[in-house]
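Next come the chains, spelled out residue by residue.
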Amino acid sequence: MTTYGLLVFDEVEELDLVGPWEVFQASALLRGGADTAVIVAEHTGPVRCSKGLRVLPDHTLDDHPPLDVVLVPGGRGARQVQVHNPRVTDWIAKTADRADWVHGVCTGAFLLHAAGPARGRRVATHWQHEDELAARGDVTVVRDARYVVDGNLLTSQGVSAGIDSALWLVGRLHGRDHARAVRRAIHYDPAPPYLADEPVPA
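Residue indices begin from 1 for each chain and proceed along its sequence in written order. Local features are withheld for residues below a pLDDT of 70 in this predicted model, meaning they are given only at 70 or higher, and side-chain atom pairs are given and counted only at 80 or more; totals for whole chains, interfaces and linings count all residues. No hydrogens and no water enter the side-chain calculation; it runs on all heavy atoms of the structure.

Moving on to the overall build of the protein chain. Each helix corresponds to a stretch of at least 4 residues labelled H or I by DSSP, and each strand to a stretch of at least 2 residues labelled E; elements are numbered beginning at the N terminus. Within the protein chain one finds seven helices and 11 strands. Projected onto its principal axes, the C-alpha coordinates of the protein chain cover approximately 55 × 40 × 35 Å. Long-range contacts, defined here as pairs at least 24 residues apart, represent 64% of the contacts in the protein chain between residues at least 6 apart. In the structure as shown, the protein chain presents an accessible area of about 10,000 Å², 50% of it carried by carbon and sulfur atoms. Charged side chains in the protein chain number 20 positive and 26 negative. The centres of these two groups are separated by 2 Å. Contacts are assigned to residue pairs that have any heavy atoms within 4.5 Å of one another. Under the convention used here, a 1.4 Å probe and the Shrake-Rupley method define accessible areas, while residue burial counts only the protein chains that appear. Counted as positive: Lys and Arg. Counted as negative: Asp and Glu. His and the chain ends are not counted at all. Note that the charge is assigned to NZ on lysines, CZ on arginines, CG on aspartates and CD on glutamates.

As structure tokens, this is what we get:
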């Protein structure tokens, strides 16, 4: 059984959270409910995301089950607010020590840097914030990879890249054929990129 814990906070980027959530839950369904994913926040009330989506946490920082995977998403709340919140950074540091995998999406890398798990490691983050993260020191920002694996730390570039990294992770945990089945189940086929093509007529 794999237990995924996804951290949320005000002004988290929606798809940083919901993309991996979809992958993890689709994976769990295909495994007959053997796995579980939970939403963890500092408080019990609804969290308002970057673009207005509201999320109701399952657990607080103090009452969640043991986590095999801890996911730290990005957004303005990650890089500008939560990096200065010792309750959250201390929780990340403590939980990362106990987890098998630490997964950062987009500017969640800033929180992982502030909390410690990204220090001295190779990481990916959103292209708009690569220089800002590199300037904080004690981290190597990889600029040409959709996601980066350094030991048990998995980080991805921005927003939709979290889906790619989450698929890699379920493949690492449960096999490549399983990850391919998850990709098919969620109908994720991102190539080619948007070219303003018209639909093929019926």
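Right, let's get into the state of the cysteines. Two cysteine sulfurs form a disulfide in these notes if their separation is within 2.5 Å. Counting across every chain of the model gives zero disulfides. Cys-49 forms no disulfide, and the closest cysteine sulfur to it belongs to Cys-106, at a distance of 13 Å.

Here we come to the packing of aromatic side chains. Geometry of aromatic contacts follows a simple scheme: Phe, Tyr and Trp rings, the Trp one being its six-membered ring, pair when their centres are within 6.5 Å, and the pair is stacked under 30 degrees between planes, edge-to-face over 60, tilted otherwise. Per the stated rule, a full pass over the model turns up three aromatic pairs. Measuring from centroid to centroid gives 4.0 Å for Tyr-4 and Phe-24, while their planes differ by 10 degrees, and the two rings are stacked. A residue pair is termed long-range when its members are at least 10 positions apart, and Tyr-4 in strand 1 (residues 3-7) and Phe-24 in helix 1 (residues 14-30) qualify at 20 residues. The same class applies to Tyr-4 as to Phe-24, namely buried. A network of ring pairs unites the aromatic residues Trp-101, Tyr-147 and Trp-168 as a single cluster. Here the term buried applies to any residue with accessible area under 20% of the maximum for its type, exposed to any over 50%, and partly exposed to those in between, with areas from a 1.4 Å probe on protein chains only.

As a further point, take the packing of helix 1 against helix 7 (residues 176-185). For the pair helix 1 and helix 7, the least separation of the axes is 9 Å and the interaxial angle reads 115 degrees. Between helix 1 and helix 7, the angle falls in the class roughly perpendicular. Crossing angle aside, the handedness with which helix 1 passes helix 7 is right-handed. Taken together, the residues of helix 7 that come into contact with helix 1 (itself represented by Val-23, Ala-26, Ser-27 and Leu-30) are His-178, Ala-181, Val-182 and Ala-185. As a working rule, the residues Ala, Val, Leu, Ile, Met, Phe, Trp, Tyr, Cys and Pro are called nonpolar, Asp, Glu, Lys and Arg charged, and the rest polar, with Gly in that last group. Counted by class, the contact of helix 1 with helix 7 contains six nonpolar, two polar and no charged residues. Lines are fitted to the C-alpha atoms to define the axes, a helix being fitted only along its stretch in contact, and any angle between axes, read from their N-to-C directions, falls within 0 to 180 degrees. For this classification, under 35 degrees means roughly parallel, over 145 means roughly antiparallel, 65 to 115 means roughly perpendicular, and everything else is oblique. Crossing handedness is defined as follows: a turn of the near helix away from the far one that is anticlockwise and smaller than a right angle gives a left-handed crossing, while the clockwise case is right-handed.

As a further point, take the pattern of salt bridges. It is possible for side chains of opposite charge to pair when their charged atoms get near one another. Counted as salt bridges are all cases of a side-chain nitrogen of Lys or Arg within 4 Å of a carboxyl oxygen of Asp or Glu. Following the criterion strictly, the structure yields 11 salt bridges and no others. The partner of Arg-143 in a salt bridge is Asp-131, and the shortest N-O contact between them spans 2.8 Å. Highlighted residues: Arg-143 in the loop between strand 9 (140-141) and strand 10 (147-150) and Asp-131 in helix 5 (residues 130-134), separated in sequence by 12 residues. By relative accessible area, Asp-131 is classed as exposed at 54%. The salt bridge involving Arg-146 is made with Asp-164; its shortest N-O contact spans 2.3 Å. With Arg-146 in the loop between strand 9 and strand 10 and Asp-164 in helix 6 (residues 161-174), this residue pair connects regions lying 18 residues apart in the sequence.

Let us look at a nonpolar patch on the surface. Two distance rules govern patches: like charges are joined within 9 Å, and nonpolar side chains (Val, Leu, Ile, Met, Phe, Trp, Tyr) within 5 Å, applied only to residues with over 30% relative accessible area and no salt bridge. Side chains of Leu-15, Val-18 and Leu-53 sit close together on the surface and give an oily, nonpolar patch of about 200 Å² of accessible area. Judged by its relative accessible area of 32%, Leu-15 falls in the partly exposed class.

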